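The primary structure of each chain is shown beneath.
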Amino acid sequence: MSTENLPQSPDQPQRKPRVAVVFGGRSSEHGISMVTAGAVLRAIDRTKYDVLPIGITQSGRWVLTADDPERMAITERRTPNVEQLADSSEGGVVLPVDPANREVVYAEPGSVPKALGEIDVVFPVLHGPYGEDGTLQGLLELSGVPYVGSGVLASAVGQDKEYMKRVFTSFGLKVGPYVVIRPREWEQDESAARKKIIDLAGDHGWPLFVKPARAGSSIGITKVEDLSGLDDAIAEAQRHDPKILVEAALRGREIECGVLEFEDGPRASVPAEIPPPDTHAYYDFEAKYIDSTPGIVPAPLTPEETAEVRRLAVDAFEAASCEGLVRADFFLTEDGEFVINEINTMPGFTPISMYPQMWQASGISYPDLVDRLIQAALRRSTGLR
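- As annotated in an unreviewed UniProt entry, the protein is D-alanine--D-alanine ligase from Streptomyces lanatus.
- Listed under Catalytic activity (unreviewed entry) in UniProt, the entry text for the protein is "2 D-alanine + ATP = D-alanyl-D-alanine + ADP + phosphate + H(+)".
- The protein has a UniProt comment under Function (unreviewed entry) that states "Cell wall formation."

This is how it looks when you write it as structure tokens:
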């Protein structure tokens, strides 16, 4: 589907494609999703597209919001929330469930539902569970509405770090040592579950990184230096996800690479390097978003290293059946080998985020990047493909 061939009535002038930017959500990454949405709303070419901002509150209610990017920024070290921008404390937005009808409806208790018009594409800038993990993508597939980014399977794989690593390993991509603790293991025998983690440290040494298995933005992650900090780290990870992932530390440099889908297939950006932050133990949430620790773009790699990490980033994109965009994160170990850490199917998209910075250095500006993603979604059909 192209923007030039949108269906029009004979007596109507050609209208602009309508983009619903959906943001917020129920995950712990709610605030960062809003910051991303503000940047996307600011960048969308309003002469080319009509825009409908839709927020999802932390309780899961879909609401109309003000189209006001300035109110979606981090202020005084605090992230915003959808409730602050909602047009109503009770009304809600309803997406169509009939693929033949793309009309969005707004309803308030005791009032006649109001039709908001059709949407042509959704730009879902949600991070974490209930948005980036295939749940929203499944809803949009049922509704027959095109959307930016990966489909149901790739989104789910990209959110669950355990299965992401299993997929990468099956395609020959190297991952670091890790163990997974599922909620049933922890409930049935904490001692045995804890022993799995201690055995990992015995094999590979401290520190370990204890993470929620299905979260992002470095939320809920603890760098554990020794056994004394393990239980607190497990409890912190389980606050965000009952399934946790524990990784051995890899000694080396952190390298990231963006992948973008063009009409002839995915291509990789120039890579970036994330230097160790001066005031943080590692590249955690505050280092990324609050203190804005700068990355190095392009990464100071040899031509051979640059070519290799770009190839591996595209391989990871293809291995997980991704679409649209991905940020692939690697470690370049001390022996010169690239080890993939993870992919993000909807990476941070704020102006300071690494994904747009890498493409800026590759010759694609932020507004052009947003436009290319929307155009790619409009070209793509929903359903099996």
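Here the narrative resumes, following the displayed structure.
## What to know about the overall build of the protein
Then, number 1: Along the protein, the regular secondary structure elements total eleven helices and 16 strands.
Then, number 2: Expected size for 385 residues packed as a compact globule is a radius of gyration near 21 Å; at 21 Å, the protein falls within 12% of this value.
Then, number 3: With respect to the three principal axes, the spread of C-alpha positions in the protein is 75 × 50 × 40 Å.
Then, number 4: Taking all 385 residues of the protein together, the buried fraction comes to 55%.
Then, number 5: Pairs at least 24 residues apart make up 65% of the contacts formed inside the protein by residues separated by at least 6 positions.
Then, number 6: As displayed, the protein has an accessible area near 16,800 Å², and 50% of this comes from carbon and sulfur atoms.
Then, number 7: Taken together, the 38 basic and 58 acidic charged side chains of the protein have centroids lying 1 Å from each other.

## A short note on the pairing of strand E16 (residues 338-344)
Then, number 1: Among the seven residues that make up E16, seven are buried, leaving the element largely enclosed by the rest of the structure.
Then, number 2: Here six bridges tie strand E15 (residues 325-333) to E16, and the two strands are oriented antiparallel to one another. Across the sheet, the residue bridging to Asp329 is Glu342, located in E16.
Then, number 3: Taking the residues between adjacent antiparallel strands as the criterion, E15 and E16 are bridged by four residues, where Gly336 takes a positive phi near 85 degrees.

## Details of the packing of aromatic side chains
Then, number 1: One pass over the full model with this rule turns up five aromatic pairs.
Then, number 2: On the numbers, 5.8 Å between centres and 35 degrees between planes, the contact of Phe349 with Tyr355 is tilted.
Then, number 3: An aromatic cluster is present here, built from Phe123, Phe349, Tyr355 and Tyr366 joined pairwise through their rings.
Then, number 4: The residue whose ring lies beneath Arg267 is Phe262, and the NZ or CZ to ring-centre distance is 4.0 Å.
Then, number 5: Sitting above the plane of the Tyr147 ring, Arg380 keeps its charged end 5.7 Å from the centroid.

## Remarks on the environment of Cys322
Then, number 1: Within the secondary structure layout, Cys322 lies in the loop between helix H9 (303-319) and E15.
Then, number 2: With a relative accessible area of 6%, Cys322 lands in the buried category.
Then, number 3: In the structure, Cys322 is positioned 83 residues away from Arg239 in sequence and 29 Å away in space, judged by C-alpha atoms.
Then, number 4: Those residues within four positions of Cys322 in sequence are excluded, and the remaining contacts are Ser150, Ala154, Phe317, Ile343 and Thr345.

## So, the sheet that holds strand E10 (residues 222-224)
Then, number 1: Read from one edge to the other, the open sheet built from four strands follows the order E8-E11-E9-E10, with strand pairing classed as antiparallel. Each edge of the open sheet is held by one strand with a lone partner, namely strand E8 (178-181) and E10. Going from strand to strand, the sheet's axes swing by 20 degrees on average, the running direction of each strand aside.
Then, number 2: Two strands pair when backbone bridges link them, and E8 and strand E11 (residues 244-248) are joined in this way by four bridges, in the antiparallel orientation. Opposite Val180, over in E11, you have Leu245 as the bridge partner.
Then, number 3: Along the sheet, helix H7 (residues 230-238) contacts strand E9 (208-212), E10 and E11; its crossing angle with E9, the most-contacted strand, is approximately 25 degrees.

## With respect to the sheet that holds strand E6 (residues 114-118)
Then, number 1: Taken in spatial order, the three strands line up as E4-E5-E6 in an open sheet, and their pairing is antiparallel. Edge positions in the sheet fall to strand E4 (92-94) and E6, since each has one partner strand and no second. Within the sheet, the average angular offset between the axes of one strand and its neighbour, ignoring direction, is 25 degrees.
Then, number 2: Relative to E6, strand E5 (residues 103-107) runs antiparallel, the two being bridged by four bridges. The residue of E6 that forms the bridge with Tyr106 is Lys114.

## A short note on the nonpolar core
Then, number 1: Membership of the largest hydrophobic core comes to 35 residues, with the highest contact counts inside it found for Val21, Ile44, Phe123, Phe349, Val370 and Ile374.
Then, number 2: Those elements giving two or more residues to this core turn out to be strand E1 (18-24), helix H1 (30-43), strand E7 (121-124), strand E12 (252-262), helix H10 (354-361) and helix H11 (366-379).
Then, number 3: If you tally residues by element for this core, the top one is H11, at seven residues.
Then, number 4: Residues in contact with Phe349, not counting those within four places in the same chain, are Thr36, Ala39, Val40, Leu325, Tyr355, Pro356, Tyr366, Leu369, Val370 and Leu373.
Then, number 5: The next biggest cluster of nonpolar side chains, apart from the first, holds 28 residues, and it includes Met164, Leu173, Leu301 and Phe338.

## Focus on the pattern of salt bridges
Then, number 1: According to the stated counting rule, one finds 32 salt bridges in the structure shown.
Then, number 2: When the shortest N-O distance is used, the salt bridge between Lys16 and Asp50 registers 3.5 Å. Taken together, the residues Lys16 in the segment before E1 and Asp50 in strand E2 (residues 50-56) connect sequence positions 34 residues apart.
Then, number 3: Between Lys195 and Asp199 there is a salt bridge, with its nearest N and O atoms 2.8 Å apart. Linking Lys195 with Asp199, this pair stays in helix H6 (residues 190-204), spanning four residues, or about one helical turn.
Then, number 4: With a relative accessible area of 49%, Lys195 lands in the partly exposed category.

## Remarks on helix H4 (residues 161-170)
Then, number 1: Listed as buried for H4 are Lys161, Glu162, Met164, Lys165 and Phe168. Across the axial projection of H4, the buried residues extend over an arc of 165 degrees, all falling on one side.
Then, number 2: Close packing links the buried residues of H4 with helix H3 (152-159), E8, E9, E11, H9 and E16.
Then, number 3: Of the residues that open H4, the one with a side-chain oxygen 3.1 Å from the backbone nitrogen of Glu162 is Asp160.
Then, number 4: The positive-phi residue at the C-terminal boundary of H4 is Gly172, with phi of around 85 degrees.

Calculation rules
Residues numbered from 1 in each chain as written. Predicted model: local features only at pLDDT ≥ 70, side-chain atom pairs only at ≥ 80, totals over all residues. Heavy atoms only, no water. UniProt positions renumbered as here; feature names shortened; annotations may be inferred. Helix = DSSP H or I, 4+ residues; strand = E, 2+ residues; numbered from the N terminus. Rg over C-alpha atoms; globule rule 2.2 N^0.38 Å. Buried < 20%, exposed > 50% of the residue type's maximum accessible area, 1.4 Å probe, protein only. Contact = heavy atoms within 4.5 Å. Areas by Shrake-Rupley, 256 points an atom, 1.4 Å probe, with all protein chains shown as cover. Lys, Arg positive; Asp, Glu negative; His and termini not counted. Charge placed at Lys NZ, Arg CZ, Asp CG, Glu CD. Pairing = 2+ DSSP bridges. Phe/Tyr/Trp six-rings, centres within 6.5 Å; stacked < 30°, edge-to-face > 60°. Lys NZ or Arg CZ within 6 Å of the ring centre and 35° of its normal. Axes fitted to C-alpha atoms, helices over the stretch in contact; angles between N-to-C directions. Core = buried A, V, L, I, M, F, W, Y, C linked by side-chain atoms within 4.5 Å. Salt bridge = Lys/Arg side-chain N within 4 Å of Asp/Glu carboxyl O. Arc of directions from axis to C-beta. Polar contact = N/O pair within 3.5 Å; in protein donor to acceptor, adjacent residues only side chain to side chain.

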